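Geometric and topological summary
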Amino acid sequence: MASKHTSPRWLRIVKWVTGILLGLIVILWIIFRFALGEFGAVDEATFEAYYDDMPIKPTDHMYEVGGVKMHYKSVGAENLPTILFIHGSPGSWDAFASYMQDPRLLDQARMISVDRMGYGKSAHIPESSLEKQVDYIWPVVETLPDSVPLILVGHSYGGPVAVRMAMDYPDRVDGMVILAGLADPEYEKRLAIQSYLRSPYLRWLLPPALDISNREIVPLKEELKDMLPLWERISASSLIIQGTGDILVAYPHATFAHKMLSQTAPSLTMMEGENHFFIWSEAEMVIGRLLEFVQCVVQEKA
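Residues numbered from 1 in each chain as written. Predicted model: local features only at pLDDT ≥ 70, side-chain atom pairs only at ≥ 80, totals over all residues. Heavy atoms only, no water.

1. Observations concerning the side chain of N214
- Within the secondary structure, N214 is located in helix α7 (residues 208-217).
- Look past the residues within four positions of N214 in its chain and what remains in contact with it is Q194, L197, R198 and L206. (Helix = DSSP H or I, 4+ residues; strand = E, 2+ residues; numbered from the N terminus. Contact = heavy atoms within 4.5 Å.)

2. Re the pattern of salt bridges
- Taken as a whole and assessed by the stated rule, the structure comprises 14 salt bridges.
- Of the charged contacts in the structure, one is a salt bridge between D60 and K121, with a shortest N-O distance of 2.8 Å. Separated by 61 residues along the polypeptide, D60 in strand β1 (residues 59-65) and K121 in the loop between β4 (110-115) and α4 (130-141) bring together distant segments of the chain.
- For D60, a relative accessible area of 34% puts it in the partly exposed group.
- Ionic pairing is found between D168 and R164, a salt bridge with its closest N-O pair at 3.1 Å. Taken together, the positions of D168 and R164, both in helix α5 (residues 158-168) and 4 residues apart, correspond to about one turn of that helix.
- A relative accessible area of 24% places D168 in the partly exposed class. (Salt bridge = Lys/Arg side-chain N within 4 Å of Asp/Glu carboxyl O. Buried < 20%, exposed > 50% of the residue type's maximum accessible area, 1.4 Å probe, protein only.)

3. Re the sheet that holds strand β6 (residues 175-179)
- With mixed pairing, 8 strands are arranged side by side in an open sheet as β1-β2-β4-β3-β5-β6-β7-β8. In the strand order of this sheet, the two ends are held by β1 and β8 (267-271), each with one partner. Within the sheet, the average angular offset between the axes of one strand and its neighbour, ignoring direction, is 20°.
- Two strands pair when backbone bridges link them, and β6 and strand β7 (residues 237-243) are joined in this way by 5 bridges, in the parallel orientation. Among the inter-strand pairings, V177 is bridged to a residue of β7, identified as L239.
- Against the sheet, α4 touches β1, β2 (68-75), β3 (82-86), β4 and β5 (150-155), its axis set at about 125° to β1.
- Its contacts with the sheet place helix α11 (residues 283-301) against β3, β5, β6, β7 and β8, and it is angled at close to 170° to β7. (Pairing = 2+ DSSP bridges. Axes fitted to C-alpha atoms, helices over the stretch in contact; angles between N-to-C directions.)

4. Overview of helix α8 (residues 220-227)
- Residues L220, E223, L224 and M227 constitute the buried set of α8. Considered in projection along α8, the buried side chains sweep an arc of 100° and stay on one side of the axis.
- Residues of α8 that are buried in the fold lie against α4, α5 and α7. (Arc of directions from axis to C-beta.)

5. What about the packing of aromatic side chains?
- Taken as a whole, this structure holds 7 aromatic pairs when the rule is applied.
- Between F96 and Y99 the ring centres are 5.5 Å apart and the planes differ by 75°, which places this aromatic pair in the edge-to-face class.
- For the pair W231 and F256, a centre-to-centre distance of 6.0 Å together with 85° between the ring planes defines the contact as edge-to-face. Of this pair, W231 sits in the loop between α8 and β7 while F256 sits in helix α9 (residues 252-260), and the two are 25 residues apart along the sequence. In terms of burial, W231 and F256 fall into one category: buried.
- In this structure an aromatic cluster arises from ring pairing among F85, F96 and Y99. (Phe/Tyr/Trp six-rings, centres within 6.5 Å; stacked < 30°, edge-to-face > 60°.)

6. Points about the confidence of the model for the protein
- Per-residue confidence for the protein gives a mean pLDDT of 88, with 86% of residues at or over 70.
- pLDDT under 50 marks residues 28-40. Its contacts with residues more than four places away, or in other chains, come to 24 contacts. (pLDDT = per-residue confidence, 0-100.)

7. Remarks on the packing of α4 against α5
- In the contact formed by α4 and α5, the axes pass within 9 Å of each other and the chain directions differ by 75°. When the axes of α4 and α5 are compared, the pair comes out roughly perpendicular. Seen from α4, the contacting residues are L130, E131, Q133, V134, I137, W138 and V141; seen from α5, they are P160, V161, R164, M165 and D168.
- Classifying every residue of the contact of α4 with α5 gives 8 nonpolar, 1 polar and 3 charged. (Parallel < 35°, antiparallel > 145°, perpendicular 65-115°, else oblique. Nonpolar A, V, L, I, M, F, W, Y, C, P; charged D, E, K, R; others polar.)

8. Points about the pairing of β5
- A large share of β5 lies buried, amounting to 6 of its 6 residues.
- Of the two faces of β5, the one holding L150, L152 and G154 and the one holding I151, V153 and H155 are both buried throughout.
- The pairing of β3 with β5 spans 5 bridges and is classified as parallel. Across the sheet, residue T82 finds its bridge partner in β5, namely L150.
- Where β5 lies against β6, 5 bridges are found, and the strand directions are parallel. Looking across to β6, one finds that I151 is bridged to G175.
- Regarding the hand of the β-α-β motif, the stretch spanning β5, α5 and β6 is right-handed. (Right-handed = clockwise from strand over helix to strand, strands pointing away.)

Pasting the structure below:
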């Protein structure tokens, strides 16, 4: 019989299991918060090595908008049509690094990939306004000759940034490709905990890039609502590609964008069973569609 000073066996087991679980939670949090590093940041040394054997290396560019530092990479001849890649949340320019070394794309286009505000070598400041996200990227476009066709390619959160740019500058954007892009405010739903994690008292729980991502993406529903009357401004040719198995961006976002872009006769490709990351797993298909799209845009602008 247990003495009055000894805890019952079941209680000791509960305490033991609870201690192990709490320890695992602490270990996982430490790994998540610190050991994984700056998720979304670019290891420049890794990419220098990656490009060592490449015939054409991307050029690094820094610029400022209102005293805020911004960054992008470019590759290809300046007189060719320009593809401007816009990454998701979180992310950085290297989301499209392999695309920028594809010889077929290099033969047809100059390619630019930006670090959006908050990521990579751009200033690590959260920005939830899609209009301001565009303002930070637009100086890159201003460096291009007006005669050069401009094609925006946005993945995930980069999708609505591209859409907003096409809304704000309809006379300059000639083509727009939305890859698993967010569009429909009715389907833009976030977990309640994401709103709590925007609190200055809780943000420290997240790695810096995920904190910035959370702070820009929670207000996205209202941003998409504000854009509803602006879709009719878009005159650019449009291509939408979406995976039906995407659990991060539901496929109705793609059908909504297709409906809202009816004035541009958009092309919609639904990839059966593909998830959110088909831009890497199915890069050959995406590049093939992109090559066809560039040719169509060039012919339309001629």
